[in-house]
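Chain residues, written in single-letter form:
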Amino acid sequence: NFFTRIAERWGLFICMDSNTSSYSSLAVARVLVLTSYTKAINGTLPVRLRLDEFLIRVCEESSRVIPAYDRMREDFPMMDLEEVQGYIAQLWKGGEDLGSSE
């Protein structure tokens, strides 16, 4: 998937919002990435599509951390990648407070 490949430059792709996944509106594509970057992600990325090259602006909408992520990894060491992605995606889509960037 195009957006998965872009997201994986910065970390683990978790999921994308419904407008992005359905390609109904791509003026803004929202993708959730679990990353260890401590600085805000903000820049451009050249992308080649067929014979054309485009610059895509990539910026972090907001920094949110999951305070219990390390504890979750200790409590559920047998969780595979899909389970971790599903768990975090449910928190995001459910609108639960994932913490702050502090």
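Just so it is clear, the model here is predicted, and its values are computed rather than measured.

The rules behind these values
- Residue numbers restart at each chain and count upward from 1, following the sequence in its written direction.
- In keeping with the model being predicted, local features are shown solely for residues with a pLDDT of at least 70 and side-chain atom pairs are shown and tallied solely at 80 or more, while totals for entire chains, interfaces and linings include all residues.
- Excluding hydrogens and water, the side-chain values take into account all heavy atoms of the structure.
- Counting from the N terminus, the helices are the DSSP runs of H or I reaching at least four residues and the strands are the DSSP runs of E reaching at least two.
- Whether two residues touch is decided by their heavy atoms; if any such pair falls within 4.5 Å, the residues are in contact.
- Among buried residues, those of type Ala, Val, Leu, Ile, Met, Phe, Trp, Tyr and Cys that are joined through side-chain atoms within 4.5 Å constitute a nonpolar core.
- To sort residues, take the accessible area from a 1.4 Å probe on protein chains only and compare it with the maximum for the residue type: under 20% means buried, over 50% means exposed, and anything in between is partly exposed.

This part takes up the environment of Cys-59. Position of Cys-59 among the secondary structure elements: in strand S4 (residues 52-59). Sequence separation between Cys-59 and Gly-43 is 16 residues, and the spatial gap between their C-alpha atoms is 6.3 Å. Here Cys-59 is in contact with Ile-41 and Asn-42, once residues within four sequence places are set aside.

This brings us to the nonpolar core. Core analysis: the largest hydrophobic core is formed by six residues, namely Ile-14, Cys-15, Leu-32, Val-84, Ile-88 and Ala-89. Among the elements that line this core, the one with the most residues is helix H4 (residues 81-93), at three residues. Core analysis: the second largest hydrophobic core is formed by five residues, Ile-41, Leu-45, Val-47 and Val-58 among them.

Right, let's get into the environment of Ile-6. Considering the arrangement of structural elements, one finds Ile-6 in helix H1 (residues 2-7). Overall, the relative accessible area of 14% leaves Ile-6 in the buried class. For the pair Ile-6 and Val-31, spaced 25 residues apart in the sequence, the C-alpha separation amounts to 9.4 Å.

Geometry only, nothing functional implied.
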